[in-house]
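Architecture at a glance
Each chain, written out:
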Amino acid sequence: MELCMSLVNGGSISVVNVKPSLLSRSLPVRKNPISLQSYTCLRPPSLSRQFQASQFAVSASPSSSSSSSTALSSEKDQLPADIVVTETQEPNSRVKLSIQVPPEVCDDCYKRVIDEFMKQAKVPGFRPGKKVPESILVSHVGKKSVQKAAVESILRRTLPHAMSSVTGTPLRDSVRIVTRFSDMEQAYSSLNSLRYDVIVDIAPEVKWIPENGYKNLKVVVEIDSDIDAQKASEQELRRRHKSLGSLRIVTDRGLQIGDLAVLDISATTIDQDESNVKSIPSAESKGYHFDTEDGDKVVPGFLDSIIGIQRGETKSFPLVFPESWTQEDLRGIHAQFKVECKELFYRDLPELDDSLAERLLPGGASLKQVKESLLQKFLEVEQTAREQAADNAILDQLCKMVEVDIPQSFFEEQGRQLYGARLLEIQANIKLNEQQLASLSSKKAVDEYLLNQKENITHMIKQSLAVGDIYKREHLQLSTEELVKEVENSIAEFKRQKQDYDEERVRGQVQEILEGAKVLEWLRAHAEIQYITR
């Protein structure tokens with residue numbers, strides 16, 4: 001599946017490293033993820049990979065009559081003369097290199113090309129290996145092909161020299177020759193020299209405002225009241241108790257707290273001009289099973305308005321959706337509700353005592369033990385939720401404290417990783433057919449995701465870079481045993497899900513996640529954290 005946009009544009013030459021689908025290289029969705037908690041963004045792997053010439057290839061334009069593709073040597077080839085490289089800083093941590101290749105280098109490359117053709121060409125009238133006059137060889141191979149091969153040779157030999165002069169750390173997969181190949185051929189043919197331009201992204205610098213501000217974080221963490229362990233354990237006990245009871249039809253009274261009603265609900269907007277009155281579909285429901293003990297989950301005033309309603313009765317009343325309502329389009333809306341009670345039940349519950357312990361919690365010996373076990377469970381949930389909320393607040397604050405000029409290739413790589421992970425989630429939950437998978441993984445779909453999620457992706461990259469910078473600044477360390485264990489777990493999960501993977505890539509991502517967890521642990525220990533309940 002192709003989630004990567006090609007870097008080849010028109011007739012230009014691109015220096016690229018062809019990668020497998022990000023979908024097959026992302027970490028698998030795991031039921032028990034490693035303890036990074038809210039640090040869900042992988043630091044873009046290019047951060048830890050400096051430019052290595054052996055990882056790139058120079059390939060001819062698709063429109064050329066013939067082509068060759070040869071990997072650059074990991075060691076710079078000695079040149080007979082120096083090339084001239086002019087570096088220009090551009091926005092988004094991008095550098096433009098203008099490279100001037102002198103005639104001496106061009107001539108040397110030309111000679112090497114002729115020698116290579118001499119070894120490989122089969123010229124009529126000459127035995128293999130027999131020296132062929134240059135004019136006859138060029139005529140046989142074609143002058144255009146020789147010139148093309150010479151230009152490619154010049155690029156292969158000079159690009160590593162040019163890259164070694166770049167200020168900063170070039171990012172792999174971001175190097176692109178932007179000069180059209182046809183223009184380079186023409187210049188070489190007429191001037192016997194070559195000039196070409198290269199665009200390359202460099203690892204962005206993280207600037208802290210204020211410097212070292214992360215060492216004195218003061219974080220206010222909002223905790224939802226729903227995660228209060230005592231309250232949550234009591235609600236869970238009540239839910240389990242109710243599950244052991246039976247529903248009985250109410251025949252001689254109206255709705256009371258504790259009852260369950262089946263309601264038909266409709267709602268319209270309130271307006272003095274009746275022609276402007278509109279129905280509110282999202283607030284309407286047929287056969288809605290309403291548990292009166294969940295009154296805090298409906299519009300304020302709804303429960304009070306229907307208390308006493310009897311089976312077959314209809315009540316109409318106005319309510320206002322609060323500004324804190326989860327559905328933004330309903331906030332502040334004045335609505336007229338109409339509610340018809342279709343059925344009305346009460347719960348016939350067994351007495352809550354030790355005799356129910358085993359049914360409330362397998363292995364429970366007494367009601368007291370059940371309560372203690374449930375409380376302990378929710379204390380753990382509460383602690384995890386508090387840590388996750390603290391991590392989110394810390395990461396949000398870090399993002400506000402750093403300035404980063406994010407390279408475009410960095411942004412696109414991170415966005416594709418996130419998109420690939422999202423596709424994996426979808427595929428894990430819903431088995432997509434080939435047509436659906438092709439549509440979701442198309443260039444158009446990926447581009448739309450990058451555009452729509454630009455702010456979110458940028459935010460996550462800033463958080464990631466900030467965390468990575470702190471890891472280096474504070475000289476934090478990761479145990480080899482922990483890394484090996486998590487890599488093995490991740491690979492085992494890939495195999496279980498029958499997904500392709502790149503072991504080096506998995507190791508790098510797992511290491512970055514674990515390093516992020518170490519940073520968050522360090523930050524929590526050094527930050528002043530205040531928890532408030534909302």
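Residues numbered from 1 in each chain as written. Predicted model: local features only at pLDDT ≥ 70, side-chain atom pairs only at ≥ 80, totals over all residues. Heavy atoms only, no water.

1. Describing the overall build of the protein chain
Of the regular secondary structure elements, the protein chain holds 15 helices and 16 strands. Burial status across the protein chain gives 43% buried among its 534 residues. Excluding contacts between residues fewer than 6 apart, the proportion of contacts in the protein chain whose partners are at least 24 apart in sequence is 75%. (Helix = DSSP H or I, 4+ residues; strand = E, 2+ residues; numbered from the N terminus. Buried < 20%, exposed > 50% of the residue type's maximum accessible area, 1.4 Å probe, protein only. Contact = heavy atoms within 4.5 Å.)

2. Overview of the sheet that holds strand β6 (residues 176-177)
Spatially, four strands are ordered β4-β5-β7-β6 in an open sheet, and the strand pairing comes out antiparallel. Since the sheet does not close on itself, it has two edges, and those belong to β4 (84-90) and β6, each with one partner. Pairing of β4 with strand β5 (residues 94-101), which is carried by seven bridges, proceeds in the antiparallel orientation. When the sheet's bridge partners are listed, E87 is paired in β5 with L97. (Pairing = 2+ DSSP bridges.)

3. Re the packing of aromatic side chains
Under the definition given, this model contains eleven aromatic pairs. Between F321 and F337 the ring centres are 6.0 Å apart and the planes differ by 45°, which places this aromatic pair in the tilted class. One end of the pair, F321, is in the loop between β13 (314-320) and β14 (334-348); the other, F337, is in strand β14, with 16 residues separating them in the sequence. Across the pair, F337 and F321 agree in class, each one buried. On the basis of an interplanar angle of 55° and a centroid distance of 4.9 Å, the ring pair of Y419 and Y449 is categorised as tilted. Taken together, the residues span a long stretch of sequence, with Y419 in helix α10 (residues 408-429) and Y449 in helix α12 (residues 443-452) at a distance of 30 residues. Each residue in the set Y288, F290, F302, F317, F321, W325 and F337 is aromatic and connected to the rest through ring pairs, giving one cluster. Of note, R386 hangs over the ring of Y531, and the distance from its end group to the ring centre comes to 3.9 Å. (Phe/Tyr/Trp six-rings, centres within 6.5 Å; stacked < 30°, edge-to-face > 60°. Lys NZ or Arg CZ within 6 Å of the ring centre and 35° of its normal.)

4. Topic: the nonpolar core
In globular proteins that are soluble, nonpolar side chains generally tend to be buried together. If you look at the biggest cluster of nonpolar residues, it comprises 49 residues, and the most contacted ones within it are W208, L217, L398 and L523. The element best represented in this core is helix α13 (residues 454-473), accounting for eight residues. One finds L79, I99, V151 and V175 within the second-largest nonpolar core, a separate group that totals 30 residues. (Core = buried A, V, L, I, M, F, W, Y, C linked by side-chain atoms within 4.5 Å.)

5. A look at the packing of helix α9 (residues 367-401) against helix α15 (residues 503-526)
It is at 11 Å that the axes of α9 and α15 come closest, and there the two elements cross at 95°. For the element pair α9 / α15, the angle class is roughly perpendicular. Of the residues in α15, those touching α9 at D391, I394, L395 and L398 are L520, L523 and R524. Considered class by class, the residues forming the contact of α9 with α15 number five nonpolar, no polar and two charged. (Axes fitted to C-alpha atoms, helices over the stretch in contact; angles between N-to-C directions. Parallel < 35°, antiparallel > 145°, perpendicular 65-115°, else oblique. Nonpolar A, V, L, I, M, F, W, Y, C, P; charged D, E, K, R; others polar.)

6. Section: the side chain of D201
Examined against the element boundaries, D201 turns out to sit in strand β7 (residues 194-201). In terms of polar contacts, D201 uses its side chain to reach the side chain of R94, at 3.1 Å. Ignoring any residue separated from it by four or fewer positions in sequence, one finds D201 in contact with N92, S93, R94, T169, P170, L171, S174, P407, Q408 and S409. (Polar contact = N/O pair within 3.5 Å; in protein donor to acceptor, adjacent residues only side chain to side chain.)

7. Comments concerning unusual backbone geometry
Residue P210 is reached from I209 by a cis peptide bond, and omega for that bond is 0°. Although it is not a glycine, S93 adopts a positive phi angle of roughly 50°. For S93, the location among the structural elements is in the loop between β4 and β5. Given a relative accessible area of 10%, S93 falls into the buried group. The phi angle at N192 is positive, at roughly 55°, despite the residue not being glycine. Relative to the assigned elements, N192 resides in the loop between α5 (181-191) and β7.

8. Description of the pairing of β5
In textbook terms, the turn of a hairpin is the stretch between consecutive antiparallel strands, and for β4 and β5 this stretch comprises three residues, one of which, N92, has a positive phi near 60°. Pairing of β5 with β7, which is carried by eight bridges, proceeds in the antiparallel orientation. Across the sheet, the residue bridging to I99 is Y196, located in β7.

9. Let's talk about the pattern of salt bridges
In the structure shown here, the tally under the stated rule is 26 salt bridges. With a closest N to O distance of 3.1 Å, D201 and R94 form a salt bridge. Placement of the pair is D201 in strand β7 and R94 in strand β5, with a sequence separation of 107 residues. What you see here is one network of salt bridges that share partners, running through R238, K242, D291, E293 and R347. (Salt bridge = Lys/Arg side-chain N within 4 Å of Asp/Glu carboxyl O.)

10. Remarks on the confidence of the model for the protein chain
Should pLDDT be low for a region, the predicted coordinates there are not to be read in detail. With 85% of its residues at a pLDDT of 70 or more, the protein chain shows a mean pLDDT of 81. Taken together, the stretch residues 1-74 has pLDDT below 50 and engages in 215 contacts with residues farther than four places along the chain or on a different chain. (pLDDT = per-residue confidence, 0-100.)

11. Let's talk about the environment of E504
With respect to the helices and strands, E504 occurs in helix α15. Judged by its relative accessible area of 64%, E504 falls in the exposed class. Along the chain, E504 and V487 lie 17 residues apart, while their C-alpha atoms are 9.7 Å from each other.

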